[in-house]
Amino acid sequence: MRVSGPLPPQPAAAPLRLAAAATADFTGDSPLARDPDLRVLVSDLARPYGVALDEDALRHGRGQSYGEMAEQLLAQLVPDGPDVDLLVLVYAAPDVRPGRAVAVHLAGVCPGRPLAFAVCDQGSAGTFSALRIADAYGRTGGARRALLIALEQSSLHHRPDRPARLPDRHTASALLFETGGSHRLAAHRERAAVTTAGLPAAFAALTADLPADTRLHLGPGLAHLPATATRRALPGTPFTGTWRTLATALPTPYPIALVDHDPDHGRLDLALLTPEAA
């Protein structure tokens, strides 16, 4: 059925607020990385583009399983409920388990069997997109609890056709938002086509009018920026690093600005989280 025209009035909904953050590193490799179907799938995907396989990674079974990584964070943040309404997965490198939609799998094991989908192919900007998606669902009454999960692994089973930023570890980071949390997404700002040379000026413009007591959390893409920051993300964590800084920063009474630059996409993003009573 197709419906046109303006949306009906929506009831006022409380914005979602950050309630908890967690992160975990995973050593070793998943047994699933030795699944012979992985070679078949990667070969089929790479062949039309003339991209070579990484035979060493396939031969030694390197890589982690996103489903199992994310399940560990589910156990930390929502072990026995309450129910989650929305689950957003962020990743860049493909999973090692062929044929499994990770977001759908996680919806089946997460309390509440939430609406779940994935954001990919945006680089580190994907984590900021996930924040905006959760905030939009909360403001329209579509979710009272949202779980955002970013996953990255250090192994890639094909050789990219141009230099790519690979993580130096297998890492998962997650944020839990709910109506009774502490910090809401007060603003999101972005700049496109920001080069490394233009980064200092773009960063200064983006952060110029932040509240005076804001704590800056700078992502790995800003590692070489000579800026004063409360926290800097660990190097080698391009997609989870910014969220990772929150895991040891909460609770805090101060506004937090997450800022990161993706040099591959030229995106500079800022998300301002401000403390606000529920």
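Here, the structure is the one placed above.
Residues numbered from 1 in each chain as written. Predicted model: local features only at pLDDT ≥ 70, side-chain atom pairs only at ≥ 80, totals over all residues. Heavy atoms only, no water.

1. So, the pattern of salt bridges
Phase 1 of the analysis: Counted by the stated rule, this structure contains 19 salt bridges.
Phase 2 of the analysis: For E276, the salt bridge goes to R17, with nearest N and O atoms at 2.8 Å. Note that E276 is positioned in the segment after β10 (267-275) and R17 in strand β1 (residues 17-26), a separation of 259 residues in sequence.
Phase 3 of the analysis: On the accessibility criterion, R17 (5% relative accessible area) is buried.
Phase 4 of the analysis: Each of the salt bridges in this network shares a partner with another, and the network as a whole consists of R132, E190, R267 and D269. (Salt bridge = Lys/Arg side-chain N within 4 Å of Asp/Glu carboxyl O. Helix = DSSP H or I, 4+ residues; strand = E, 2+ residues; numbered from the N terminus. Buried < 20%, exposed > 50% of the residue type's maximum accessible area, 1.4 Å probe, protein only.)

2. Some remarks on the side chain of T214
Phase 1 of the analysis: Structurally, the position occupied by T214 is in the loop between α6 (199-207) and β7 (215-218).
Phase 2 of the analysis: Here the side chain of T214 touches P211 through a polar contact of 2.8 Å, landing on its backbone oxygen.
Phase 3 of the analysis: Apart from the residues lying within four places of it in its own chain, the contact partners of T214 are P255, I256, A257 and L272. (Polar contact = N/O pair within 3.5 Å; in protein donor to acceptor, adjacent residues only side chain to side chain. Contact = heavy atoms within 4.5 Å.)

3. Topic: the environment of E190
Phase 1 of the analysis: Mapping E190 onto the fold places it in strand β6 (residues 183-191).
Phase 2 of the analysis: Placed 62 residues apart in sequence, E190 and F128 show a C-alpha to C-alpha distance of 9.4 Å.
Phase 3 of the analysis: In terms of polar contacts, E190 uses its side chain to reach the side chain of R132, at 3.2 Å.

4. So, the environment of R113
Phase 1 of the analysis: Here R113 shows up in the loop between α4 (102-109) and β3 (115-119).
Phase 2 of the analysis: Given the relative accessible area of 62%, R113 is considered exposed.
Phase 3 of the analysis: It is 28 Å that separates the C-alpha atoms of R113 and A271, two residues lying 158 residues apart in sequence.
Phase 4 of the analysis: Discounting chain neighbours no more than four positions away, the residues touching R113 are A107 and G108.

5. Comments concerning the packing of aromatic side chains
Within a pair of aromatic rings, the relevant descriptors are the distance that separates the centres and the angle that separates the planes.
Phase 1 of the analysis: Throughout the structure, instances matching the rule amount to two aromatic pairs.
Phase 2 of the analysis: Between Y66 and Y91 the ring centres are 5.9 Å apart and the planes differ by 50 degrees, which places this aromatic pair in the tilted class. Of this pair, Y66 sits in helix α3 (residues 66-77) while Y91 sits in the loop between β2 (86-90) and α4, and the two are 25 residues apart along the sequence.
Phase 3 of the analysis: On the accessibility criterion, Y66 (1% relative accessible area) is buried.
Phase 4 of the analysis: The ring centre of Y254 lies 3.5 Å from the NZ or CZ of R215, which sits over that ring. (Phe/Tyr/Trp six-rings, centres within 6.5 Å; stacked < 30°, edge-to-face > 60°. Lys NZ or Arg CZ within 6 Å of the ring centre and 35° of its normal.)

6. Comments concerning unusual backbone geometry
Phase 1 of the analysis: Cis rather than trans, the peptide bond between G81 and P82 has omega equal to 0 degrees.
Phase 2 of the analysis: Considering the arrangement of structural elements, one finds P82 in the loop between α3 and β2.
Phase 3 of the analysis: A positive phi angle, near 65 degrees, is found at D121, a position not held by glycine.
Phase 4 of the analysis: As for its position among the elements, D121 is in the loop between β3 and α5 (125-139).
Phase 5 of the analysis: On the accessibility criterion, D121 (64% relative accessible area) is exposed.

7. A short note on the layout of surface pockets
Phase 1 of the analysis: In this model, the largest pocket occupies a volume close to 1300 Å³.
Phase 2 of the analysis: Of all the elements in the fold, those that place two or more residues in the lining of the largest pocket are α1 (36-46) and α4.
Phase 3 of the analysis: Taken together, the residues of the lining of the largest pocket break down into 25 nonpolar, six polar and nine charged.
Phase 4 of the analysis: Every residue lining the second largest pocket is listed: R165, T196, L199, P220, G221, L222, A223, H224, L225, H261 and P263.
Phase 5 of the analysis: Here the residues of the lining of the second largest pocket are counted per class, giving six nonpolar, four polar and one charged. (1 Å grid on protein atoms, 1.4 Å probe; cavity = no way out; pocket = protein on both sides within 12 Å on 5 of 7 lines; lining within 4 Å. Points joined across faces, edges and corners; volume = space filled by probe spheres on them. Nonpolar A, V, L, I, M, F, W, Y, C, P; charged D, E, K, R; others polar.)

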